[in-house]
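Here's the letter readout for the chains.
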Amino acid sequence: MNTKIVDVKEYSSKEVSILVQIVLTELMLIFAIINLISDVFMPAFYAIIVMILFTMAYNNVKIYKKKYMTSVYVVVGIFVAITTLMEYVF
């Protein structure tokens, strides 16, 4: 009986977080083009920007080991989230 051993590739969190950042950037570009036509998806666009900023902050700490811009990304992400909530929810 021929048995073949298959290696299972495990993804590290570094690869996944970079992939998430790439996918969110592509979504941001798509929603930016859609928002040129109509402003219906503007809250979704801002939510994607907030997610990109938090992902960039995570990647700065875990992958690039640069902690100086991390606080800037977090502060801007919180600011955009609060202003979006204030504008569209309340």
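Cut-offs applied
- All residue numbers here refer to positions counted from 1 along the written sequence of the relevant chain.
- At least 70 in pLDDT is required for a residue's local features to be given in this predicted model, at least 80 for side-chain atom pairs to be given and counted, and no such filter applies to totals for whole chains, interfaces and linings, which use all residues.
- Computation of side-chain values: all heavy atoms of the structure, hydrogens and water removed.
- Secondary structure elements are taken from DSSP: a helix is a run of H or I of four residues or more, a strand is a run of E of two residues or more, and numbering for both begins at the N terminus.
- Note on classification: 1.4 Å probe, protein chains only; a residue is buried when its accessible area is under 20% of the maximum for its type, exposed when over 50%, partly exposed between these limits.
- Here, two residues are considered to be in contact whenever any of their heavy atoms come within 4.5 Å of each other.
- In these tables, accessible area is a Shrake-Rupley quantity obtained with a 1.4 Å probe, and a residue counts as shielded only by the protein chains included in the view.
- Positive charges come from Lys and Arg alone, negative charges from Asp and Glu alone, with His and the N- and C-terminal ends not counted.
- We put the charge of a Lys on NZ, of an Arg on CZ, of an Asp on CG and of a Glu on CD.
- Geometry is summarised by axes, namely lines fitted to C-alpha atoms with helices restricted to the contacting stretch, and by angles between N-to-C directions that run from 0 to 180 degrees.
- Reported orientations rely on four angle classes, namely roughly parallel under 35 degrees, roughly antiparallel over 145, roughly perpendicular from 65 to 115, and oblique for the rest.
- By convention the crossing between two helices is left-handed if the near helix lies anticlockwise of the far one by an angle smaller than a right angle, and right-handed if it lies clockwise.

S.K.: I keep staring at the overall build of the chain and nothing clicks. Help me out?
M.R.: Of regular secondary structure, the chain possesses three helices and zero strands. Secondary structure of the chain in N-to-C order comes out as α-α-α. Seen along its three principal axes, the alpha-carbon backbone of the chain occupies a region of about 65 × 35 × 20 Å. Expressed as a percentage of its 90 residues, the buried residues of the chain come to 21%. Across the chain, every contact between residues at least 6 apart in sequence was considered, and the portion connecting residues at least 24 apart equals 53%. Total accessible area on the chain stands at roughly 7,200 Å², and carbon and sulfur atoms take up 71% of it. Taken as two groups, the 7 positive and 6 negative side-chain charges of the chain have centres that lie 15 Å from each other.

S.K.: Can you walk me through the environment of T25 in this structure?
M.R.: Here T25 lies in helix α1 (residues 13-37). Note: C-alpha distance between T25 and I82 (57 residues apart in sequence) is 21 Å.

S.K.: Just to check I follow, could you spell out the packing of helix α2 (residues 42-62) against helix α3 (residues 68-88) for this structure?
M.R.: When two helices pack together, their arrangement is given by the angle between their axes and by how far apart the axes lie. Packing of α2 against α3 brings their axes to within 8 Å, and their N-to-C directions diverge by 160°. It follows from the interaxial angle that α2 and α3 lie roughly antiparallel. Crossing geometry of α2 relative to α3 is assigned as left-handed. Contact residues: α2 offers M42, P43, Y46, V50, L53, F54, M56, A57, N60 and V61, while α3 offers M69, T70, Y73, V74, V76, G77, I78, V80, A81, T84 and Y88.

S.K.: Would you mind going over the side chain of T55 with me for this structure?
M.R.: When you line up the elements, T55 lands in helix α2. Accessibility expressed as a relative area gives 13% for T55, which makes it buried. Setting aside its immediate chain neighbours within four residues, T55 contacts S17, V20, Q21 and L24.

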